[in-house]
Each structure stands twice: as C-alpha cells, then as structure tokens.
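Commentary on secondary and tertiary structure
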Amino acid sequence: MSLTVSIIGRPNVGKSTLFNRITQSKRAIVEDFAGVTRDRLYEKVTYQDKSFRLIDTGGITLENADFNSDIKMQAEIAIDESDVILFVVDGRSAITLEDEQVANILRKSGKDVIIVCNKVDNNHIADNIYEYYALGFETIIPVSAEHGSGVYDVLDYIYPKVPDEPEEEDSTINFCLIGRPNVGKSSLFNAIVGDERSIVSDIEGTTRDAIDTEFTYDGVEYKMIDTAGIRKRGKVYEKVEKYSVLRALKAIDSSDVVLWVVDAERGIVEQDKRVLGHALEDRKPVIVLINKWDTVKKETNTQKLYEQQMKAKMPFIADSHFIFCSAVTKRGVKNIYPAINDIYAKYTREFTTSQVNNVLNDALMSKVPPSYKGKPIRIYYATQIATKPPRFLFFVNNKEILHFSYKRYLENYFKHAFGLEGIKLKFQFKNRDEKDEM
Ligand code: GDP
Ligand code: GDP
C-alpha cells in the first residue's frame, strides 16, 4: 500500500501548476484512450524506485459553494485521504485570512503537513518565506512550480516516507466494486460476501476512513478494497461526484481485479468511462457486472445483444468478462467468484522464456514486421519480466521504427496464444545494443 499525498491551499496559489509539475513526466508516457477524458486531480507518481499517489484537492468543489465550505471540504478530504499534506501558499504575497483558515484546520489534524511556498521564482522573493512560519508548521520548502525549482526538494521530503513494498508475494486477491451511486455496489457486496464468508478482519487503513474487508471463500483469501458509497458514512462530501471518482481511482490502484458495476436499466455514462480509463491505464483486469438484471424484460439473446452493444460503445472492454446478475434475487452472483479467480490466475501467470519465444516465432511467421523506409525490423527474442499483468520485454534492432500497429498485432497474438483474454498485457521494446534501461 503506497503513500498518499494531498495538495491543498486557497485558490490561485499554484496548486494545479504544482500538481502538473510533479506528475508531468508520467503524463508523457500515459496512453491516450480514445474518448476517455480525465480530471487532473489524481495521479500515481513514480520517483526513483518508489511510487505514491498525489491528489489535488483544489479540483474538488461543491456546486454553488462559497470559499469557506469548499476549503473546509478540501481540507477534510486531504486529512481523510492522505498521509502527507502539501499546504501551498503564495510566496509573493503576505499571509491571508484564507491561509490562516486552512492552517487552523490542518493543525488540528495531527497529519504530516508541510508548507510549500510557491512562486519563489528568484532569490529576491525567497526572503519572504520566513513569514510563513507564523502558520505553525515546522517545514517550509520554497518552490517555483512554474519554473520547477524546489520541486525535487518536495519529492525528497516525501520519498523516505513511502513504505517499501513487501518482498513476499501475497496471494490475497484484492478486488474492488466500482460504479456510479445506486447501481447496487453495497447490495452486491453483501450478496457476494454475505452468507458464506468468514470475515477475517475489517482493516483500518492508513487513512482514517478506509475500511477494507478481508475474508476467505472456498479456501481463497480475498480483500475487498473499500470505495466511497459502499460503506456509507454520511459525510457531506461523499455525494460530490469528483470525490467518489477519486475514491474509486484509489481503490483501483490497490486492486488486482476491478468489478465494474453497471445498472442494467441505465447503462453507462461519461463518468464510468473516466473511472474505467484509469483502471485500463493501470492495466487492471475489469469484470463487468450488469446488475439489476431482474428489472430487464428478456427475450431471446437479450444478454448477448446487451453485451455486444456495450462493447461497441467501449471498445477497450471488448474482451472483458460480463456477468449478468441481481443482488436482489442473487441470480448470477455465484458466477462472480470463479470469474475473479480465473482472471487473477491470468493476471499472475508466468511463462518460461522458451514458451515466450515459441509464441514470438509463430507470430513473426504469421506476419512479418513491416520494414520502414527500406530498413528491416528485427525482433530477436523476448522474455517475461513481470506479472500483474504479464509484462514482456522484446529485444529488437530499432525500436523507434517498429510500428504501433505491429505492436498491437503482437499483443493480440500473445493474448490469444497464451489464453489471456481479458488481460491488458504490458509490452516493452529495447534495442539489443542498448545498455541502459529504457
Ligand atoms: P490553483 O488555483 O492553486 O490551482 O493555482 P494555479 O495552478 O491555477 O495557478 C494560479 C496562477 O499562478 C496561474 O496564473 C499560474 O500561472 C501562476 N503560478 C503558478 N505557479 C507559479 C510560480 O511558480 N511562479 C509564478 N510567478 N506564477 C505561478
Ligand atoms: P450503491 O450506491 O451502488 O451501493 O447501490 P445500493 O446497493 O445502495 O443499491 C441502490 C438501490 O438499488 C437500492 O434500493 C437497492 O435495493 C437496489 N438494488 C441493488 N441491486 C439490485 C438488483 O439487483 N435488482 C434490483 N431490482 N434492485 C437492486
């Protein structure tokens, strides 16, 4: 479980500029899923050999709210959701009443809070930062989010606080139920886990409100990662859409398998795509649960047509497993465990180098890589370098000229040859003469 860091501060101090500055290197390599627009308020950041989550609370606002209610909500979210809080202030101005208001809420939280004094674009301004000690926090780091100076100091502050990943492989299957409000996530949770489970524990997360449920079923250990809306806690901001999106994104990050719940009658909307886009960028396997199937009038082939229509609308779930179920009548619910187990087995599959190269040779024989401006492409060999999901490294003569469509072809070929339908594989290409990691 990695660390979560929140950015908070009054409007215009440069929160989103800082967020972009810290996350931008990652953005460049993130794939663009057609039709998936993302709010820039949550990203996973990798710095050196560690990763943490970064939240820009400034993007989460109430409708028609004044500054006071917005900032109070943002501070509560920062306190509830994170381990380290970056309290951003404007180094070019004096402390404002609004800064003091934020400081008051944060001080009481007992969280690890540092002041990031932004807009310190030159040494001349740097003298002003001492004033901010009056807000009562020990650490102040001057930065210029716009120019980038000081940003590594912030990362160096966070880095030692990120826990090391446990070395031992944990065989617990982590999953989450995501979906819009009222699609039936809590009901399904009860139906899935309800009768036969033996709950091991409700684990208090590092953040105050996260409660994950660990249980065994048929000899397999599972952990359901909590998302807002399943354990209803009754806080005002739980109804805010962006907050529930944020919680879903966080849950996806901690999961091996994502159960995406859709209300059969209502179908999908834009918000679904956004959340799902994140799961797919993370290459997490998604099982689609079409819930409330009891409410749909059925004729011949209704399921098949429904599935086809959804896949046509969202091509990136084209090989996802669909389950039609009802949390009320319990029909179909028994199919969920086998589907989770099956996809998890694929997600964690390991192949020997000879298995990988046999498939690679077959793929190369069936379709020769297209040459580029007369230059031939050669793919020498490949090897699996990781699981969750299976990741393969290919050694080639010139990765720059290997066409995207051929990569896509290889991915599909591998997927079918290895029976990994429903899994988004990871492919990396490296020039054979290349010394360093790409
Ligand atoms: P937010 O409302 O806190 O998210 O603030 P923004 O990130 O939108 O920034 C508000 C304004 O401050 C924008 O016009 C930015 O260009 C500007 N800004 C942000 N960071 C810096 C900085 O390091 N130096 C200077 N001079 N301006 C900055
Ligand atoms: P959540 O907000 O996604 O957790 O949704 P809930 O589990 O609270 O369910 C929302 C409403 O849908 C409740 O009134 C449930 O009784 C109802 N509901 C949930 N699952 C089903 C189902 O499979 N069939 C029918 N007919 N109603 C359902």
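Residues numbered from 1 in each chain as written. Chains lettered and ligands numbered in written order. Predicted model: local features only at pLDDT ≥ 70, side-chain atom pairs only at ≥ 80, totals over all residues. Heavy atoms only, no water.

The immediate surroundings of ligand 1 are formed by 15 residues, with Asn 12, Lys 15, Thr 17, Asp 121 and Glu 146 found nearest. When isolated, ligand 1 has an accessible area of 580 Å², and the protein chains bury 73% of it. Of all the elements, helix 1 (residues 15-27) adds the most residues to the shell around ligand 1, at three residues. A breakdown of the residues in the shell around ligand 1 according to their chemical character gives three nonpolar, six polar and six charged. (Near = heavy atom within 4 Å. Areas by Shrake-Rupley, 256 points an atom, 1.4 Å probe, with all protein chains shown as cover. Helix = DSSP H or I, 4+ residues; strand = E, 2+ residues; numbered from the N terminus. Nonpolar A, V, L, I, M, F, W, Y, C, P; charged D, E, K, R; others polar.)

A few words now on the environment of Arg 266. Within the fold, Arg 266 resides in the loop between strand 11 (257-263) and helix 8 (270-281). Residue Arg 266 is classed as exposed on the basis of its relative accessible area, which comes to 66%. With 83 residues separating them in the primary sequence, Arg 266 and Val 183 have C-alpha atoms 8.7 Å apart. (Buried < 20%, exposed > 50% of the residue type's maximum accessible area, 1.4 Å probe, protein only.)

Spatial ordering of the open sheet is given by 14-15-16, a layout of three strands whose pairing is mixed. Since the sheet does not close on itself, it has two edges, and those belong to strand 14 (379-386) and strand 16 (426-431), each with one partner. Averaged over all neighbouring strand pairs, the angle between strand axes comes to 25 degrees, with direction disregarded. Strands strand 14 and strand 15 (391-396) of the sheet are contacted by helix 11 (residues 353-366), whose axis makes an angle of about 140 degrees with strand 14. Lying on the sheet, helix 12 (residues 404-417) is in contact with strand 14, strand 15 and strand 16; it crosses strand 16 at an angle near 130 degrees. (Pairing = 2+ DSSP bridges. Axes fitted to C-alpha atoms, helices over the stretch in contact; angles between N-to-C directions. Contact = heavy atoms within 4.5 Å.)

For the rest of this paragraph, the subject is the pattern of salt bridges. A full pass over the atoms with the stated rule returns 17 salt bridges. We note a salt bridge from Glu 81 to Arg 247, for which the minimum N-O separation is 3.1 Å. Of this pair, Glu 81 sits in helix 2 (residues 67-81) while Arg 247 sits in helix 7 (residues 241-253), placing them 166 residues apart in sequence. Since its relative accessible area comes to 2%, Glu 81 is described here as buried. For Arg 247, a relative accessible area of 3% puts it in the buried group. Because the salt bridges share partners, they merge into one network encompassing Glu 81, Arg 247 and Lys 250. (Salt bridge = Lys/Arg side-chain N within 4 Å of Asp/Glu carboxyl O.)

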